[in-house]
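A look at the structure
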Amino acid sequence: MAKKLWGTRFGKKTNALTDKFTSSIAFDQRLAKYDILGSIAHAKMLGKQKIIPAKDCQQIVKGLNMILKDVIRGKFKFDPGAEDIHSNIQELLAKKIGEPAHKLHTARSRNDQIALDIKMYLKAEIDDLDEFICQLQKSILKLAKANSKVVIPGYTHLQIAQPVLLSHHLLSYIEGIERDRQRILDAKERIDSMPLGACAFSGTGLPIDREFVRKQLGFKTLTANSIDSVSDRDFILEVLAQLTILAVHLSRIAEDLILWSTKEFNFIDIDFSFCTGSSIMPHKKNPDILELIRGSVGKIHGDLSSVMILMKGLPSSYNRDLQMDKPPLFDAVDTVKDILEIFVALFQNIVIEKEAIAAKVQDESLFSVDIVEYLIKKGISYRKAHDIVGRMVRDCLDKGKNISSLSNGNLKKYSDKLNPDIRGVLNAWASVSRKSSIGSTNPKLVAKQLDKWGKKLQ
Ligand code: ARG
């Protein structure tokens with residue numbers, strides 16, 4: 001068991017149960033790199049300000065750099081008995097360089113230290129997430145571009161609705177996750193304030209130079225209030241909320257693809273290498289990856305709820321409860337990264353079932369709005385046009401007929417504005433091409449969007 005950073009005031013040893021229950025080394029060890037980088041910046045500042053002798057400062061920095069190398073190479077052996085990552089590194093430094101190590105914690109507390117570590121960790125993770133999200137956008141775009149002429153039946157209420165370009169549908173995913181990307185990048189702005197120097201919560205009387213530490217660690221600003229510096233976990237809540245929204249989007253995409261891969265829809269085929277089988281039903285090819293992605297939203301939302309409830313009811317400044325913010329944060333970040341990684345690969349392994357889709361867009365109920373718009377363009381009011389088409393659709397369904405098979409005379413029974421050219425309307429490509437509003441599924445407009453995203457994601 002490592003020596004406690006606070007052991008002297010205690011007349012006796014803590015109970016082993018206390019040590020086990022309070023330790024965070026099992027999960028905060030992943031912050032080692034940031035903890036050391038923060039300590040190096042802090043030590044250099046202490047030396048520059050002559051708060052500690054230059055010689056000691058050099059020794060500390062040298063020792064910390066040695067430990068950092070091991071951490072980066074994955075050779076660092078964490079002490080499972082340490083109270084936390086801060087104590088673990090402090091103890092190891094003392095073993096390496098002796099007495100000067102005991103000057104490192106001057107004008108610092110683990111309270112501002114942990115706030116710094118998490119902020120540094122999150123800034124790096126946000127860069128990763130940004131990259132991962134871009135990769136996913138790219139693989140969706142590739143599928144959209146390769147199938148830019150495919151028209152699928154679109155659905156509302158999961159009932160067949162109107163034809164849309166598959167690429168238009170896929171671009172809707174890119175738009176959604178772009179907002180997620182922007183939100184996550186925006187959170188970085190508020191993470192980018194350096195808390196070190198708040199010490200326990202009230203600051204220090206020693207002549208520290210916080211600006212110097214800020215610059216070395218590459219933060220944009222300094223936290224302005226020492227109490228806020230150690231109390232604040234908004235930035236964790238914010239990232240967790242943003243990851244939850246992203247996960248909801250990813251779940252929606254997964255759900256679409258699950259439906260599309262069924263025999264009933266048959267819009268896509270997912271390569272065997274990204275599916276699983278059944279132990280009892282030999283014919284099965286299951287989309288388990290997508291189901292697990294859909295299922296992960298619960299876990300990520302759970303992480304958000306967990307920290308939200310953790311924060312509720314805490315008084316100001318540091319409280320040990322805050323230690324429990326890390327497992328849910330790490331879980332959410334790891335889970336989202338895992339999902340994004342496999343989603344990129346899965347998109348590269350989707351085949352579009354063009355023939356099956358072409359057969360599905362023969363369904364003439366897809367064109368009811370097109371006929372309504374045809375009539376409106378001939379001067380009929382929207383309400384009347386809707387009634388006319390409603391009657392046609394009802395009769396056709398009752399008699400098991402297609403609108404296209406109605407004779408010219410029959411068409412006139414519904415409206416004298418219905419001419420034989422109406423049959424040209426009953427076609428999926430014609431339908432999407434007739435759309436003209438900005439943001440619609442018109443092929444020329446969608447092509448421009450594909451182009452725009454191609455350039456943006458380059
Ligand atoms: N393990 C703690 C945490 O994660 C580090 C800070 C501990 N501070 C303290 N005064 N005990 O929040």
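Quick summary incoming for the structure in this document. (Residues numbered from 1 in each chain as written. Predicted model: local features only at pLDDT ≥ 70, side-chain atom pairs only at ≥ 80, totals over all residues. Heavy atoms only, no water.)

1. Details of the overall build of the protein
Put simply, the test is: In this text, helices come from DSSP runs of H or I with a minimum length of four residues, and strands from runs of E with a minimum of two, each type numbered from the N-terminal end. The globule rule is 2.2 Å times the number of residues to the power 0.38, and the radius of gyration it is compared with is taken over C-alpha atoms. Note on contacts: a residue pair is in contact if any heavy atoms of the two residues lie within 4.5 Å. Accessible surface is estimated by sampling points in the Shrake-Rupley manner with a 1.4 Å probe; for residues, cover comes only from the protein chains shown.
Within the protein, the secondary structure is distributed over 18 helices and six strands. Taken against the 2.2 N^0.38 rule, which gives 23 Å for 458 residues, the C-alpha radius of gyration of the protein at 31 Å runs more than 25% over that of a compact globule. Counting only C-alpha atoms, the protein reaches 100 × 55 × 40 Å along its principal axes. Long-range pairs, those at least 24 residues apart, make up 76% of the contacts in the protein with a sequence separation of at least 6. Roughly 22,900 Å² of accessible area belongs to the protein as shown, and the carbon and sulfur atoms make up 55% of that amount.

2. Section: the pattern of salt bridges
Threshold: Within this document, salt bridges are pairs made up of a side-chain nitrogen of Lys or Arg and a carboxyl oxygen of Asp or Glu, the two lying within 4 Å of each other.
Inspection of the entire model under this criterion finds 28 salt bridges. Here Asp130 and Arg181 are joined by a salt bridge, their closest N and O atoms 2.5 Å apart. On the criterion of sequence distance, the pair formed by Asp130 in helix 6 (residues 110-146) and Arg181 in helix 7 (residues 166-191) is long-range, its members being 51 residues apart. What you see here is one network of salt bridges that share partners, running through Glu83, Asp84, Arg110 and Arg320.

3. Side note on the site of the ligand
Rules: Whether a residue is near a molecule or strand depends on its heavy atoms: it is near if one of them lies within 4 Å of it. Each polar contact in these results corresponds to two N or O atoms within 3.5 Å; when the atoms are within protein, one needs to be able to donate a hydrogen and the other to accept it, and residues that are neighboring in sequence are counted only if both atoms are side-chain atoms. For this classification, Asp, Glu, Lys and Arg are treated as charged, while Ala, Val, Leu, Ile, Met, Phe, Trp, Tyr, Cys and Pro are nonpolar and the rest, including Gly, are polar.
In the region of the ligand, the neighbouring residues are Ser24, Asp84, His86, Arg110, Asn111, Ile114, Tyr318, Arg320, Gln323 and Lys326. Within the contact set of the ligand, a nitrogen atom lies 3.2 Å away from a side-chain nitrogen or oxygen of Ser24. Asn111 places a polar side-chain atom, nitrogen or oxygen, 3.0 Å from a nitrogen atom of the ligand. Compared with its free state, where it exposes 350 Å², the ligand has 88% of that area covered by protein. Looking at the shell around the ligand element by element, the count peaks at three residues for helix 6. When the residues that make up the shell around the ligand are grouped by side-chain class, the tally is two nonpolar, four polar and four charged.

4. Considerations on the pairing of strand 2 (residues 159-165)
The side chains of a regular strand alternate between the sheet's two faces. This is how the line gets drawn: For two strands to count as paired, DSSP must find a minimum of two bridges between them.
Of the pairings in the sheet, the one linking strand 1 (residues 151-156) to strand 2 comprises five bridges and is antiparallel in character. Note that in strand 2 the partner of Pro153 across the bridge is Pro163. Two successive antiparallel strands, strand 1 and strand 2, enclose a turn made up of two residues, where His157 displays a positive phi of approximately 55°.

5. A closer look at the packing of helix 4 (residues 54-73) against helix 5 (residues 85-97)
Test applied: The convention used is that axes are lines fitted to C-alpha atoms, helices contributing only their stretch in contact, and that angles between N-to-C directions extend from 0 to 180 degrees. Crossing handedness is defined as follows: a turn of the near helix away from the far one that is anticlockwise and smaller than a right angle gives a left-handed crossing, while the clockwise case is right-handed.
Where helix 4 meets helix 5, the closest approach of the two axes is 10 Å, and the angle between their N-to-C directions is 115°. When the axes of helix 4 and helix 5 are compared, the crossing they make is right-handed. For the pair formed by helix 4 and helix 5, the contact residues are Gln59, Ile60, Gly63, Leu64, Met66 and Ile67 on the first element and Ile89, Leu92, Leu93, Lys96 and Ile97 on the second. Class assignment of the residues belonging to the contact of helix 4 with helix 5 gives a composition of eight nonpolar, two polar and one charged.

6. Focus: a nonpolar patch on the surface
Put simply, the rule is: Each patch is built from residues that are more than 30% exposed by relative accessible area and take part in no salt bridge. Like charges join if they lie within 9 Å; nonpolar side chains (Val, Leu, Ile, Met, Phe, Trp, Tyr) join within 5 Å. For every residue, the accessible area (1.4 Å probe, protein chains only) is compared with the maximum for its type, and the residue is labelled buried under 20%, exposed over 50%, or partly exposed between those bounds.
A contiguous nonpolar surface patch, about 260 Å² in accessible area, is contributed by Tyr155, Leu158 and Ile160. Note on Leu158: relative accessible area 54%, which makes it exposed.

7. Regarding the packing of aromatic side chains
Selection rule: Two aromatic rings, drawn from Phe, Tyr or Trp (for Trp, its six-membered ring), form a pair once their centres lie within 6.5 Å of each other, and the interplanar angle then sorts them: stacked below 30 degrees, edge-to-face above 60, tilted otherwise. Either the NZ atom of lysine or the CZ atom of arginine qualifies as a charge over a ring when it sits within 6 Å of the ring centre and within 35 degrees of the ring normal.
Under the criterion given, the structure shown has six aromatic pairs. Plain terms: the ring middles of Phe76 and Phe78 are 4.6 Å apart, the flat faces sit at 65° to each other, and that makes the pair edge-to-face. Relative accessible area serves as the criterion here: at 25%, Phe78 is assigned to the partly exposed category. For the pair Phe265 and Phe267, a centre-to-centre distance of 5.4 Å together with 80° between the ring planes defines the contact as edge-to-face. Phe267 shares its class with Phe265; the two are buried. Pairwise contacts between aromatic rings join Tyr155, Trp260, Phe265 and Phe267 into one cluster. Sitting over the ring of Phe219, Lys123 keeps its end group 3.9 Å from the ring centre. The side chain of Lys285 reaches across the aromatic face of Phe272, ending 4.4 Å from its centre.

8. Structural notes on the side chain of Asp303
We count it as follows: Charge assignment: positive for Lys and Arg, negative for Asp and Glu; neither His nor the chain ends contribute.
Relative to the helices and strands, Asp303 resides in helix 11 (residues 288-311). The buried charged residue Asp303 lacks any salt bridge partner; its closest oppositely charged side chain belongs to Lys299, at an N-O distance of 5.7 Å. Setting aside its immediate chain neighbours within four residues, Asp303 contacts Leu240, Pro328, Asp331 and Ala332.

9. Some details on the nonpolar core
We apply this condition: To qualify as a nonpolar core, a set must consist of buried Ala, Val, Leu, Ile, Met, Phe, Trp, Tyr and Cys residues joined through side-chain atoms within 4.5 Å.
Leu243, Leu250, Leu257, Trp260, Phe343, Phe347 and Leu418 are the most contacted members of the largest nonpolar core, which totals 133 residues. The greatest single-element share of this core, amounting to 15 residues, is contributed by helix 10 (residues 234-260). Discounting chain neighbours no more than four positions away, the residues touching Phe343 are Leu136, Leu250, Ile253, Ala254, Leu257, Leu290 and Ile293.

10. Some thoughts on helix 14 (residues 368-377)
Looking at helix 14, one finds that the buried residues are Asp370, Ile371, Val372, Tyr374 and Leu375. Check the buried side of helix 14 and you find it contacts helix 15 (382-399) and helix 17 (428-434). Residue Gly379 follows helix 14 closely and has a positive phi angle near 95°.

11. Observations concerning helix 18 (residues 443-456)
Our working definition: Here the expected span of a helix is defined as 1.5 Å times the quantity of residues minus one. Our arc is simply the arc of the directions from the helix axis toward the C-beta atoms.
An ideal rise of 1.5 Å per residue puts 20 Å on 14 residues; helix 18 measures up with 20 Å between its terminal C-alpha atoms. Taken together, the buried positions of helix 18 are occupied by Pro443, Val446, Leu450, Trp453 and Gly454. Down the axis of helix 18, the smallest arc covering the buried residues is 105°, so these residues share one side. Of the exposed residues in helix 18, the ones pointing more than 90 degrees away from its buried face are Lys444, Lys448 and Lys455. The inward-facing, buried residues of helix 18 abut helix 6, strand 2, helix 7 and helix 17. With a side-chain oxygen lying 2.8 Å from the backbone nitrogen of Lys444, the N-terminal cap of helix 18 falls on Asn442.

12. Details of the state of the cysteines
As a reminder, the rule being used: When the sulfur atoms of two cysteines come within 2.5 Å, that pair is taken as a disulfide.
Tallied over the full model, the rule gives zero disulfides. Looking at the unpaired Cys57, the closest cysteine sulfur is the one in Cys199, lying at 17 Å. For Cys57, a relative accessible area of 10% puts it in the buried group.

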